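# Reading the structure
Letter by letter, the chains look like this.
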Amino acid sequence: MRWIVVAALVAACGRAAPATEAAPAPAIASPAADAATSYAGRPIAPTMSYLGAGWLDRDDRIERERPDDVVAALRLKPGMVVADIGAGSGYFSVRLARAVGPSGVVIATDVQPEMLALITKRMATTGLANIEPRLVKPDDAGLAPGSIDLALLVDVYHELADPAAILRGVRAALKPGGRLVLVEYRAEDPDVPIKPEHTMTLAQIRAELGPLGFRELEDLEFLPDQRIVIFTPAP
Ligand SMILES: C[S@@+](CC[C@H](N)C(=O)[O-])C[C@H]1O[C@@H](n2cnc3c(N)ncnc32)[C@H](O)[C@@H]1O
């Protein structure tokens, strides 16, 4: 089963590539890819190309990543404004949009216009009008100060070309009491079926987020492969 998952990842986006596997699919299409190669002593993962976007909608994601449980754990309220940073094909954006309801808004950012086109298509098929796709730059979160209640980064933080710049923007964009949520694959678990540069330890996350001005509120460990770490701006 594990092997099937690994093979699917390789085929779709060139992620988990065992030495014996065929050449991975195209890795990138973002200007972010050429920027920095490391941050705080860890390699920055290459930006996942829109060419592998199908992988984001794979069937087993429901079972392994339990997106509805992840969104439920955020305890969103109707009317909230949520930024889905690095929204990809909008897999989480639509779930967030349902959680905040028609009076709320999901700002779905990405550096690849092709991903935003997929989100627009998804809005049409789901009938959800409260998602705002937004093209951003790799070093600019593209969010107005004091404009959001929560920022969610699912499988994104480890591939930010300039984490400090993005989190500076997020920190300024959060309303008082706002939250920043990272969902990352566990580097501590050798069975997590993804390349090491797409994983992070809890210690790494804590060591990076503290100096960037965030205080940890909660670490949720109920998913098989990933953890959810929730922060708020430190005073
Ligand atoms: C692995 S995908 C995850 C997509 C989505 N969060 C999900 O879980 O389905 C990472 C996404 O982050 C985007 N990305 C990378 N750097 C970014 C940045 N600085 N700002 C916004 N999006 C970014 C990529 O273009 C890609 O669509």
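## Considering the overall build of the chain
The helix and strand tally for the chain stands at seven helices and 10 strands. Within the chain, the proportion of its 235 residues that are buried is 45%. For the chain, the share of sequence-separated contacts (at least 6 apart) that also reach a separation of at least 24 residues comes to 66%.

## Looking at the site of the ligand
The environment of the ligand is made up of 24 residues, and the closest members are Met-48, Gly-86, Gly-88, Tyr-91 and Val-154. Grouping the constituent residues of the shell around the ligand by class yields 15 nonpolar, six polar and three charged.

## What to know about the environment of Ser-147
Within the secondary structure layout, Ser-147 lies in the loop between β5 (131–135) and β6 (148–154). Setting aside anything within four residues of it in sequence, one finds Ser-147 in contact with Val-81 and Ala-173.

## Describing the nonpolar core
If you look at the biggest cluster of nonpolar residues, it comprises 60 residues, and the most contacted ones within it are Val-82, Ala-151 and Leu-152. Apart from the residues within four sequence positions on either side, Ala-151 is in contact with Ala-83, Ile-85, Val-170, Leu-174, Leu-180 and Val-181.

## Points about helix α7 (residues 202–209)
Every buried residue of α7 is listed here: Ile-205, Glu-208 and Leu-209. For α7, the arc enclosing every buried residue in end-on projection is 90 degrees, short of the 170-degree limit, so these residues lie on one face. Looking at the buried residues of α7, the elements they touch are α6 (163–173), β7 (174–186), β8 (199–200), β9 (214–220) and β10 (226–233).

## Remarks on the pairing of β10
Relative to β10, β7 runs antiparallel, the two sharing six bridges. Note that in β10 the partner of Leu-180 across the bridge is Phe-231. Pairing of β9 with β10 involves six bridges; the strand directions are antiparallel. Pairing of Arg-215 across the sheet is with Thr-232, part of β10. Between the antiparallel neighbours β9 and β10 lie five residues.

## Details of helix α5 (residues 113–126)
The terminal C-alpha atoms of α5, which comprises 14 residues, lie 20 Å apart, in line with the 20 Å expected from a rise of 1.5 Å per residue. Those residues of α5 lying buried are Met-115, Leu-116, Leu-118, Ile-119, Arg-122 and Met-123. Down the axis of α5, the sector holding all buried residues measures 155 degrees, keeping them to one side. Exposed residues lying more than 90 degrees from the buried face of α5 are Pro-113, Lys-121, Ala-124 and Thr-125.

## Digging into the confidence of the model for the chain
Taken as a whole, the chain shows an average pLDDT of 88; of its residues, 85% reach a score of 70 or greater. Confidence drops under pLDDT 50 across residues 1–34; counting only partners more than four residues distant or on other chains, this segment forms 65 contacts.

## A few points about unusual backbone geometry
Of note in the backbone geometry, Arg-75 takes a positive phi value of approximately 50 degrees without being a glycine. Examined against the element boundaries, Arg-75 turns out to sit in the loop between α3 (67–73) and β3 (81–85). Of note in the backbone geometry, Asp-155 takes a positive phi value of approximately 60 degrees without being a glycine. Accessibility expressed as a C-beta count within 10 Å gives 23 for Asp-155, which makes it buried.

## Notes on the environment of Val-82
You can see Val-82 is positioned in strand β3. Residue classification places Val-82 among the buried residues on the basis of 29 C-beta atoms within 10 Å. Sequence spacing of Val-82 and Val-106 is 24 residues, and the spatial spacing of their C-alpha atoms is 4.8 Å. Beyond its immediate sequence surroundings of up to four residues, Val-82 is in contact with Leu-76, Leu-96, Val-100, Val-106, Ile-148, Asp-149, Leu-150 and Leu-152.

## Brief notes about the pairing of strand β4 (residues 105–110)
Judged by how many residues are buried, β4 sits mostly within the fold: six of six residues are covered. In terms of strand pairing, β3 meets β4 through five bridges, oriented parallel. Along β4, the bridge assignment pairs Val-81 with Val-105. In this view, the connection linking β3 to its parallel neighbour β4 by way of helix α4 (residues 91–100) has right-handed handedness. Pairing geometry for β4 and β5, over five bridges, is parallel.

Basis of the calculations
Residues numbered from 1 in each chain as written. Predicted model: local features only at pLDDT ≥ 70, side-chain atom pairs only at ≥ 80, totals over all residues. Helix = DSSP H or I, 4+ residues; strand = E, 2+ residues; numbered from the N terminus. Buried ≥ 20, exposed ≤ 12 C-beta atoms within 10 Å, placed from the backbone. Contact = placed C-beta atoms within 7 Å. Near = placed C-beta within 6 Å. Nonpolar A, V, L, I, M, F, W, Y, C, P; charged D, E, K, R; others polar. Core = buried A, V, L, I, M, F, W, Y, C linked by C-beta atoms within 7 Å. Arc of directions from axis to C-beta. Pairing = 2+ DSSP bridges. Expected span 1.5 Å × (residues − 1). pLDDT = per-residue confidence, 0-100. Right-handed = clockwise from strand over helix to strand, strands pointing away.

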